[in-house]
Amino acid sequence: METLPSLTASSRTVQSVSDFRGYNHNLVIDDNQFYDMRNLTLDEYPVLTQRQPRGTIKKLNKPNGLFSKNKIVYVDGTNLYYGDELIAQVTDSKKQFASMGAYILVWPDKIMYNTFDGTITKLENKTEFTGTVKIEKANISDSQQTTTDYTSYVRITATGIGKGFKQYDGVSISGISQEDLNATKVLWEVTDDSVLVIGSVEKTIEEQMTITLERKVPDMEFFTESENRLWGCSSKNHELYACKIGDPTNWNAFENLSTDSYAVTIGSDGDFTGAATYMGYVLFFKEDTIHTVMGNKPANYQVQGSKGRGIEKGSELSPVIVNETLYYKARTGIVAYQGTSATSIASDMGTVQYKDAVAGYLGNKYYCSMKQGEKYYLFCYDESKGMWTKEDETQVLFMATLGNNLYYIDAEGYLKTITGEDDENIQWEAISGEIMMAYNRKYLCKINIRATLEERATLEAWVQYDNEKTWTRVTTITARKHRAYDIPVMPRRCDRLRIKLSGRGKSWIYGIDKQFEMGSDVCVNMGRH
């Protein structure tokens, strides 16, 4: 007897995501990641929510630099501020800063500000005198004399020749009629009208001369402080430099002492692209080379160069230490350096190429503004979670951390904080990866979004089907009060789709559920005849 055809019962399964793991701009991503996003954070992980509002401090006319040392330091045009106090006039150019003891060093102006007593000192000094110059044998003062000191000294006397110099400065001398005194010398004694240096003369010289004394500081592209020395580099001269220990005014003091200045020539190809101090080591970068300075005094300093991912040209403001790791922008993306080599943390950025990175840190987070094409984007890497989020199109010029906040200056000249109390009404967005409509003979029949909205917050759900360029809005919710919502999305049949969630105001996305249904199959049971 032949039996009638029968239908198997539909079988429904649900795939739930409640552990959101940030930004991943690759074609194939996990269900708990988002292909694109705007203004989202993992602060309340595993829940997805919006970043905190930022803070606005003031508008600058022409921002030229930002730094922090007990207070925020910034340059507006030619005005250098320490906190809200105008402390100096500087050149109208982009600045680099370093901290050394109580001092803030400002480049390329080559000045330092003493945060303790408020004084400004020029690192370089130059005096010139034309007239009668007296050069004679001299003895060092009793306080510096030792019983075994047989060094020959010469005193040079000329009006104003010693002004602006101090004892033990290394200076270059030129214009003296006795040629062997035209050299780089250490000043053993200084008055306004005379200096004492090592040298010898057979008899006192007193004649008309034009002499120059100059304390020079090398022109350096990038610099960093380590162990009470300022270190810098010059691509033009292929050299690294270190100042005399504790004294950033002296770069030419060479007396075979552990406190001496230091200079060395580097043979690697290419220009320097940045500098940093990490775990007690001074690092100088080229795009494909990392130079590490080893040792603790000039007598045993060694510079070791190794091939590796260095700082990308134009991203010299990207090196930042978060906890115990140095992060920076290399040509291949953001990398993490922990003392031996650089490891990429940029796989979630996909194939998009960025450049001109400016970075800072706050807590466990590495914030980085980068350029892609003609636009800039601000990203955040949460080191504690190993995940990225994407915030907005903010172009950051400078960043500096002070206390419990990260300060930055944007392209419009606003000095701001990464967390604050601005009334932003933040607009946010999250776009999923591609969702296949069918797999294993199961078909997607429903998507459910579990969310909570604050009063007056809005949430919209959108769908993009197959190769369509446009988005179809499927629902809009405006919360009349703080409450939870289950938001259903019923997709039409297609090959694949994407979901976009967007809104304004504070919202929390707790989960996204996908419901699949087994298709009906006709089963014909062939009975006996």
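Everything discussed here concerns the structure shown above.
Definitions and cut-offs
Residues numbered from 1 in each chain as written. Predicted model: local features only at pLDDT ≥ 70, side-chain atom pairs only at ≥ 80, totals over all residues. Heavy atoms only, no water. Core = buried A, V, L, I, M, F, W, Y, C linked by side-chain atoms within 4.5 Å. Buried < 20%, exposed > 50% of the residue type's maximum accessible area, 1.4 Å probe, protein only. Helix = DSSP H or I, 4+ residues; strand = E, 2+ residues; numbered from the N terminus. Contact = heavy atoms within 4.5 Å. Pairing = 2+ DSSP bridges. Axes fitted to C-alpha atoms, helices over the stretch in contact; angles between N-to-C directions. Salt bridge = Lys/Arg side-chain N within 4 Å of Asp/Glu carboxyl O.

S.K.: In this structure, what is going on with the nonpolar core? I would like to understand it.
M.R.: Among soluble globular proteins, nonpolar side chains are generally buried collectively. Within the largest apolar cluster, 51 residues are counted, with the highest numbers of intra-cluster contacts made by Tyr366, Trp388, Leu497 and Ile509. The element best represented in this core is strand β44 (residues 442-453), accounting for five residues. Ignoring any residue separated from it by four or fewer positions in sequence, one finds Ile509 in contact with Phe20, Val47, Leu48, Trp428, Ile449, Arg450, Ala451, Leu459 and Leu501.

S.K.: Would you mind going over the sheet that holds strand β28 (residues 289-294) with me for this structure?
M.R.: Across a sheet, strands are paired by hydrogen bonds formed along the backbone, either parallel or antiparallel in direction. With antiparallel pairing, the four strands of this open sheet are ordered in space as β26-β27-β28-β29. Because the sheet does not close on itself, it has two edges, and the strands there are β26 (274-278) and β29 (302-307). For this sheet, the mean inter-axis angle between neighbouring strands, taken without regard to orientation, is 25 degrees. The sheet contact formed by β28 and β29 spans six bridges and is antiparallel. Opposite Thr289, over in β29, you have Lys307 as the bridge partner.

S.K.: Looking at this structure, I do not really get the sheet that holds strand β21 (residues 205-215). What am I missing?
M.R.: Here we have seven strands laid out as an open sheet, ordered β18-β17-β21-β15-β16-β20-β19, and antiparallel in their pairing. The sheet terminates laterally at β18 (184-186) and β19 (189-191), the two strands that pair on one side only. Taken over all neighbouring pairs, the strand axes of this sheet differ in orientation by 40 degrees on average, direction set aside. Across three bridges, β19 lies against strand β20 (residues 194-198) in antiparallel orientation. Across the sheet, residue Glu189 finds its bridge partner in β20, namely Leu196.

S.K.: Teacher, can you tell me more about the pattern of salt bridges here?
M.R.: Oppositely charged side chains can form a pair if their charged atoms are brought close together. For the structure shown, the criterion picks out 31 salt bridges. With a closest N to O distance of 3.4 Å, Glu287 and Arg331 form a salt bridge. One end of the pair, Glu287, is in the loop between β27 (281-286) and β28; the other, Arg331, is in the loop between β31 (325-330) and β32 (333-337), with 44 residues separating them in the sequence. The class for Glu287 is partly exposed, based on a relative accessible area of 23%.

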